Amino acid sequence: MPVRHSHLAWTRREWLAAAAVSSLAKTARAAPAAPVAMARCPDYASGVTDAVRKMFDQLGGIGRLVAGKTVAVKINMTGSLRDRSGHLPAWLTRWSHPMVIGAAVRLIGEAGARRVRILEGSSEDDHPLEENFLIGGWNPAALLNAAPSVEMENTGFMGSGKDYARLDVPEGGLIYPAFDVNHSYAECDVLVSIAKLKEHERTGLSLSLKNMVGIAPGTIYGDSAGYDAPAARPFGERAMFHIGNRQPPEGTPPEKDPKSPREFGYRIPRITVDLARARPISLALIDGIETQTAGAGAALDEGTKRQMRFVKPGILIASLNPVCADAVATSVMGFDPAAPRGKAPFETCDSTLELAEQAGIGTRNLKQIEVRGLAIEKSRISFLEQRGAA
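Residues numbered from 1 in each chain as written. Predicted model: local features only at pLDDT ≥ 70, side-chain atom pairs only at ≥ 80, totals over all residues. Heavy atoms only, no water.

Draft legend 1. Inspection of the sheet that holds strand β4 (residues 150-154) at higher detail. The 8 strands are arranged β4-β3-β2-β7-β10-β13-β1-β14 in an open sheet whose pairing can be described as mixed. Edge positions in the sheet fall to β4 and β14 (371-373), since each of these pairs with one other strand and no more. Strand-to-strand twist in this sheet, taken as the mean axis angle between neighbours without regard to direction, amounts to 20 degrees. (Pairing = 2+ DSSP bridges. Helix = DSSP H or I, 4+ residues; strand = E, 2+ residues; numbered from the N terminus. Axes fitted to C-alpha atoms, helices over the stretch in contact; angles between N-to-C directions.)

The following block contains the structure:
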């Protein structure tokens, strides 16, 4: 294994608010702004590569970012591989669509990348990622041939590496000081996050930042994790992240404060920021061609008043800064990226955008973000009206 590093009488609402303010104050730093490109793309049948190429050109090109480098492409295939939202394939509702992935891989290859590695961690198996594509209903052959040197890896466990890699969070992190992950995230020069334009019932949004939760292997942070050592294969959710019911296996850095709130809406936004700082996103690409409202999974929580609707915004979003990309995406979805906890889309959680901004990853202030290509006003769709109140 790698070298291991090793309440007063307030209401719960008051304690959470004070804790959030204190945490933000300790980590506040200048948040950079970066241009965001948007393009119209009505469907996956044709024009995806041209739209992505146009956006990359509007960002100044990606050659300087990827030429001669190993590029990791973190996609999103959250949830069970066999679950469907209604009768629609997951690629159309909650997963990064292969046509968008393929377009990005092709253009990264054309820009001179030495090696491209498509990555995603399964929460239910240690199959090769290629097999999980097949289970999900898509032949991965075209993706593997989209550029000269393309590989896939299921990063939900140790995979093809000899050990897990340690990623430290600069300045110690909000929840975890470091994470042990599949070797792929340490052995890349550039990380591209390809996310779906979608909501999340308990974190508000699931965009390029939230996609980073998937880099944490289930063998260490999932329900199958051992206590003395990581499990051999992943299985189950990351309850350790969600509610803090336990610490990682012996030898993996535990969270900083086991007495901090065990609430999903407090923990996951902060863990997301920790992960995005431990393994920074170099390029964010958001698939908003087709998607769903209300939640990130195939089904909604029992008892919710939300309604899952299948929508076709017909847009793609890209930026060299994930917070800027997510802020613009939030506005496209009809929400205010500056919304505080208690206001949609963050009805029951702290804002990941606010925490990421305070951590210095990027700004969520739309006045500071230059949008190139398609204007926000011409692409906005109200997810709140589509799915109803929380």
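Draft legend 2. Representation of the nonpolar core. Counting 67 residues, the largest nonpolar core has F179, L197, F241, L275 and I317 as the members making the most contacts within it. Sort the elements by how many residues they give to this core and helix α10 (residues 264-278) lands first, with 8 residues. Excluding residues within four positions of it along the chain, L197 makes contact with L207, I286, D287, G288, T291, Q292, P313, I315, A329, M333 and F383. Core analysis: the second largest hydrophobic core is formed by 45 residues, M77, W91, I108 and L283 among them. (Core = buried A, V, L, I, M, F, W, Y, C linked by side-chain atoms within 4.5 Å. Buried < 20%, exposed > 50% of the residue type's maximum accessible area, 1.4 Å probe, protein only. Contact = heavy atoms within 4.5 Å.)

Draft legend 3. Representation of unusual backbone geometry within the structure. A cis amide bond, omega 5 degrees, links A344 with the succeeding residue P345. Residue placement: P345 occurs in the loop between α11 (322-332) and α12 (352-358). Unlike most non-glycine residues, E171 shows phi in positive territory, near 65 degrees. Examined against the element boundaries, E171 turns out to sit in the loop between β5 (165-168) and β6 (178-181).

Draft legend 4. View of empty space enclosed by the protein. When its volume is computed, the largest cavity comes out at roughly 80 Å³. Lining of the largest cavity is provided by T203, L205, S206, L207, L209, K210, D326, F346, T352 and L353. Taken together, the elements giving at least two residues each to the lining of the largest cavity come down to β9 (204-206) and α12. When its residues are assigned to classes, the lining of the largest cavity shows 5 nonpolar, 3 polar and 2 charged. (1 Å grid on protein atoms, 1.4 Å probe; cavity = no way out; pocket = protein on both sides within 12 Å on 5 of 7 lines; lining within 4 Å. Points joined across faces, edges and corners; volume = space filled by probe spheres on them. Nonpolar A, V, L, I, M, F, W, Y, C, P; charged D, E, K, R; others polar.)

Draft legend 5. Seen up close, the pairing of β4. A large share of β4 lies buried, amounting to 4 of its 5 residues. Pairing between strand β3 (residues 115-120) and β4: 5 bridges, direction parallel. Counterpart to L119 in the pairing with β4 is E153.

Draft legend 6. Structural context of the environment of A225. Residue position: A225 is located in the loop between α8 (218-221) and α9 (239-242). Considered as a pair, A225 and Q247 are 22 residues apart in the sequence and their alpha carbons are 9.7 Å apart. Sequence-distant contacts of A225, defined by excluding residues within four places in its chain, comprise G218, T219, I220, A231, M240, R246 and P249.

Draft legend 7. How the structure looks around the pattern of salt bridges. Under the counting rule described, the total for this entry stands at 21 salt bridges. The salt bridge partner of R262 is E255, with a shortest N-O separation of 2.7 Å. On the basis of relative accessible area, R262 is assigned to the partly exposed category, the value being 24%. In this structure E255 comes out as buried when scored by relative accessible area, which is 4%. One salt bridge in this structure joins R306 and E347, with 3.4 Å as the shortest N-O distance. Of this pair, R306 sits in the loop between β11 (291-292) and β12 (310-311) while E347 sits in the loop between α11 and α12, and the two are 41 residues apart along the sequence. Using a relative accessible area of 5% as the deciding quantity, one classes R306 as buried. Salt bridges here are not isolated pairs; linked through shared partners, they connect R115, R117, E151 and E153. (Salt bridge = Lys/Arg side-chain N within 4 Å of Asp/Glu carboxyl O.)

Draft legend 8. Structural detail: the pairing of strand β13 (residues 315-319). The buried count for β13 comes to 5 of 5 residues, which makes it a mostly enclosed element. Taking every second residue as pointing to the same face, both faces of β13 are buried, with I315, I317 and S319 on one and L316 and A318 on the other. Of the strand pairs in this sheet, strand β1 (residues 36-40) and β13 are connected by 5 bridges, and their pairing is antiparallel. Within β13, the position partnered with V36 by the bridge is S319. With 5 bridges connecting them, strand β10 (residues 283-288) and β13 associate as antiparallel partners. In the sheet register, L285 faces β13, and the bridge partner there is A318.

Draft legend 9. Region of the structure containing the packing of aromatic side chains. Applying the stated criterion across every chain yields a total of 9 aromatic pairs. Aromatic side chains W91 and W95 sit 4.8 Å apart centroid to centroid with 75 degrees between the ring planes, which places their arrangement in the edge-to-face category. For the pair formed by W91 and W95, the shared burial category is buried. Ring pairs connect the aromatic residues W91, W95, F133 and W138, which therefore count as one cluster. R202 extends its terminal NZ or CZ atom over the ring of F264, reaching a point 4.2 Å from the ring centre. Here the guanidinium or amino end of R270 rests over the ring plane of Y266, the centre of that ring lying 3.8 Å away. (Phe/Tyr/Trp six-rings, centres within 6.5 Å; stacked < 30°, edge-to-face > 60°. Lys NZ or Arg CZ within 6 Å of the ring centre and 35° of its normal.)

Draft legend 10. Quick peek at helix α2 (residues 48-58). Buried residues of α2: V48, T49, A51, V52, M55, F56 and Q58, and no others. Positive phi shows up at G60, right after α2, with a value of about 100 degrees.

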